[in-house]
Each structure stands twice: as C-alpha cells, then as structure tokens.
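Summary of the model geometry
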Amino acid sequence: MKLTDISGDINEWLDGSGPLADIVISSRIRLARNIAGHKFLSCCSDDEKSAILKKLKDVLMSLELGDKIFYLSVDKTPVLNRHFLVERHLISRHHAFGKGPRGVVMAQREFFTAMINEEDHLRIQVLKGGLQLSRCFEQINRVDDMIEEKVGYAFSPRFGYLTACPTNLGTGIRVSVMLHLPALKMTGQIEKFLNATRDMNLAVRGLFGEGTQASGDFYQLSNQVALGVSESDIVAQFEKTIIPEIVEYEQAAREQLLSKEPEVLDDKISRAMALLRNAHLISSQEALLLLSHLRMGINMHEHMGATTPAIKKLCSLRGGADKEGGLSIATINRLFMLTQPAHLQLNHGKVLDPAHRDALRAKIIRSALNQ
Amino acid sequence: MYCQICQKNEATIHLTEINDGVRNEMHLCEQCAQEEGVAVKSHLPINELLANLLATQPSDDELFSGSEQESICPHCGFTLDQFTKKAVLGCPYDYEVFEKSLLPLIKRAHDGKTSHRGKVPSKASKDTKKQVELMSLRRELETAIKSEDYELAAKLRDKINQFEK
C-alpha cells in the first residue's frame, strides 16, 4: 500500500458519524509498553533498537486485526510522508522526527497504529470517530493481549507497566478526546473550561497533539494520571462524566448564541462563508478557523434545527462528494484534512512553497463550496 | 519580577482582583501562592518538575545510606543526572535503583498515587499477579472499613484469606 492510496480522502473515523460526533471529533486510546529484558531506548545502541524493531514488527504484522495491515520504516520515509502521517494522527511528531531505527505498523482503515521505538519500545493506538472510548479500549486491550502472548512486557507489581518516562507509569494508558468547542469560545467561556480541566488533572492540547496550540476551536483533552487508577475507571470517567459534561456546556452555549445573539452567530458564519468561497490565498490556520464556524453552523442545523438566515444559506450550499444533499459534516471534515500542508503536497505530487500551498488550499475550498 | 511576599522567588502567578471598582494586583511565586490559599494546580513541564525535585537537599537518611544522586544503575549505567537532562529513564530497573528520588516525582505526576491498579499481563508470573490482586483487595478492604461497609469488608477479608492460602 502507498500513502497516496489513503491521502486523497478521509477515513471512517472522520466521516462525521459516531456518538456525539457534532462536538466530539474523535476518541483515541494509546498504551505505552516496553519489552522485558531490554533497556529503554535512551540507553540502547542502534543495534539494540534494530533488534527491538524487528521483534515487534514481526509480532505486529502477524496479528489478525480484521483489516489489511502494513509497515513503514519511519527513519527511511521521506520527510513529506512523515508530515502526512502526523497530520493524519497516525504517528506523533516525536516519532516522525526522532532518531534511530523506528517504524509504524498500521491498519489500512487507520483505526489501529503501532509506533515502534518512539519514546517507549511500543505504543499502540486505536482511533474512532465520535465518543467511543469503551469500544476503543475493548479493541486495544484485545490487541495488547495478543501481543503479550508473544513478548514479555516490562512490568512490576508495584508500579505496573514500566515506561521510559515516569509520567506514563502504571497503566501506560493515555485517553484522548478531540473536541470542537466553537460556541464556548464565542461566548467567552473557554477559559472556564480550561481552568476546570486543569483542576481535574487533565491535559489540553491542540489539534495535532503534544506541543501544539489549540487552533480552530479544536481541543484535545487527555488524562495525565496513569498510575493508581485502572484503565476501565479512567475510560469510564471520561466517557460517562467528563466528556458528556463538556458536551452539555457546548450545547448550552450554542443554544445561548441562537436565542440571545443570533446576529453574532450569523455574522461569524456569513463571514466564514464569504471568505472561504472567494479567497484565492488562504493559510491553514485561517482555513481551520473559518471552517470551524461552518462546521458549527451545519451541526446547529442538523442537531438543533437552527434556521437563521446564514445557517439556511450555508446548508443550501452543495458540497464536494455530497452532491445529493446539502453541505455535510463529512465534507467539512474532508476539507480540514485535505487542506493540511502535507496532504496538499502529497496529493499534488510535489513539494510546494507556502505561497503555492495557500493558493492550492484556497482553490480546493472554493471549488468544494461553490458547486 | 520577584514574588511580593518572599521577595526571593520569581513571581509566576499574577492575580487581578477588582473590589468595589478598585483594582488590586498580586504577583506571587507558587509556594507563597499556595500558602496564601490561592488555589493553583499547575502542571509543570516534566523537566522543570525534575530539576525542582532533585535539587532539594538530601535528607539525613540519604546522607548516611549513600545518596542515590551519585549512584549508577548497574543494569544500564544511567545516573539521576542523566535523567534530569533527558526526562526519560535508562532501563526498567532504574525504578528500583532510584526509587527514593523518583517517588516524589511519581507522586506528583499521578495525583499522589504510587502503586499500580489495573491490567496485569497474563504472562506475569502467578506470584506477581497474585501480589497485585492482593494489594488491590487490601486497598478495597481499607476503603470498605473507612466507609463502615462491614458486610463488604467481611467478604473482602474472606477473599484475602483464600488468596493467601
């Protein structure tokens, strides 16, 4: 399989289906594991790293995951392709631009990836659309069991799974949920949300994970405590309490906008439409922000029956592949992904400088929104 | 800017209060802010956290028992100094070798917790599995006693006894 086989479209985790998908973009769980009897990577020579890589690659490629799986040597992959994998949420920035022999095993439908020799010997992840954490956990737990039948993990009864960094110690689990919270931002309540998450020991990151700013009203929320709390407790806390509560706040903020400030709402949506349908140069940052407003508008129509003039106009646009009906969330999600820098270049077949990317991005968006 | 209370540390917390239209600004270091009851629960980047924790003076205990600060892991050759620079450990045994120095950090990173709950690899020797399950049963027993749920406590005690046979 080539990356260009998947780069032209979005995969099922972004198709806009899944529980609470109007606000919860995706659910992701990753587990950090190390093989017993090996040092952590910071102390490994390249030879030892290669040995670990081979061992884990062989085990992972033999797994029965219900989908085609394939392997990529990250250190031998061109830089543009590595950027693509990061944009796609398949590997971390750290893995893409780290050092030494390392690789990634992934399912073609992208719900499963395994990074070998990232910070730990092995980091497996399961990714799904909407709020589906317990399903993610069931799946990743099963895969973890299958791997563990073939390799012994570094584990201590006291500290649990032993990880290179003590912050991942214990369960080695990181639960991450990507949220779209434009109304909390517009109504000036986002600071409250950020403070509350800090009080609950949660980490907030941007659309592209560790080290990125929240942009375009997308926030990735994840647990920081991994020791002393079981995996199922962490998952349940996120799925039953934390996320539904935030979703409720965002919904209330949307209702507030609709009933008290429809002009503010319509202004944002109309301006976003006007710019996106007419711009000839647009940066990824600006596109993200404006598409975010369209995404909110369509969702308010579909889930709350909102019919302000701007929302009506927005929903009457015909978009991209959804020629039958109006503009859909899948189309907007597709634009989010396909206008990212590495996606643009990979799909265009060559490296482009920022100015050319801005032009190409604007063209793709214009043509999707002016059909 | 220095903290306006201790005048020693860098002020990292800046508060603005408005009372009856009068604006009052406070600039505090984290320590003084905590003493003043200003609730701050910040997540320091791991490197900073490490440097702070490891820079604290060794206790008498440590001075007499030979400080971990200077020891080298016999399995991977790692030192604590390397850990503060890289923020990752050298091998799984470092958790034993540097336990004393790592514990405060582990505690802080995991909201006060220092022992594992949750999945145990099925391959882990039966003893390991048993130990973890026993530990978790004992913890549950403690909670049951604290909340005066004696019926549950009795059940848990039976379970523990059976386990230990």
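Residues numbered from 1 in each chain as written. Chains lettered and ligands numbered in written order. Predicted model: local features only at pLDDT ≥ 70, side-chain atom pairs only at ≥ 80, totals over all residues. Heavy atoms only, no water.

An ideal rise of 1.5 Å per residue puts 30 Å on 21 residues; helix H10 (residues 284–304) of chain A measures up with 29 Å between its terminal C-alpha atoms. In the stretch just after H10(A), A:Gly305 is the one whose phi turns positive, near 65°. (Helix = DSSP H or I, 4+ residues; strand = E, 2+ residues; numbered from the N terminus. Expected span 1.5 Å × (residues − 1).)

We now examine empty space enclosed by the protein. Residues and elements named next belong to chain A. Applying the stated criterion across every chain yields a total of 3 cavities of 30 Å³ or more. Its volume calculated, the largest cavity comes out at about 140 Å³. Mapped by element, the contributors of at least two residues to the lining of the largest cavity are strand E1 (24–33) and helix H12 (329–338). Among the elements that make up the lining of the largest cavity, the one with the highest residue count is H12 (3 residues). Among the residues making up the lining of the largest cavity, the classes are represented as 9 nonpolar, 4 polar and 1 charged. What the second largest cavity holds in volume is close to 50 Å³. What lines the second largest cavity is Trp13, Leu14, Asp15, Gly16, Ser17, Ala21, Val24, Ile25, Gly130, Arg295 and Asn333. (1 Å grid on protein atoms, 1.4 Å probe; cavity = no way out; pocket = protein on both sides within 12 Å on 5 of 7 lines; lining within 4 Å. Points joined across faces, edges and corners; volume = space filled by probe spheres on them. Nonpolar A, V, L, I, M, F, W, Y, C, P; charged D, E, K, R; others polar.)

Moving on, we come to the nonpolar core. With 98 residues, the main nonpolar core has A:Leu60, A:Phe112, A:Ile147, A:Ile243 and A:Leu294 as its most contacted residues. Residue contributions to this core peak at 9 residues, all from helix H8 (residues 231–260) of chain A. Residue assignment places this core across two domains, with domain 1 (3–181) and domain 2 (261–369) of chain A each supplying three or more. Other than its neighbours up to four places away in sequence, A:Ile147 contacts A:Val59, A:Leu60, A:Leu63, A:Leu122, A:Ile124 and A:Tyr153. If you look at the next biggest cluster of nonpolar residues, it comprises 21 residues, including A:Phe40, B:Phe78, B:Phe83 and B:Phe98. (Core = buried A, V, L, I, M, F, W, Y, C linked by side-chain atoms within 4.5 Å. Buried < 20%, exposed > 50% of the residue type's maximum accessible area, 1.4 Å probe, protein only. Domains from an automatic or database assignment. Contact = heavy atoms within 4.5 Å.)

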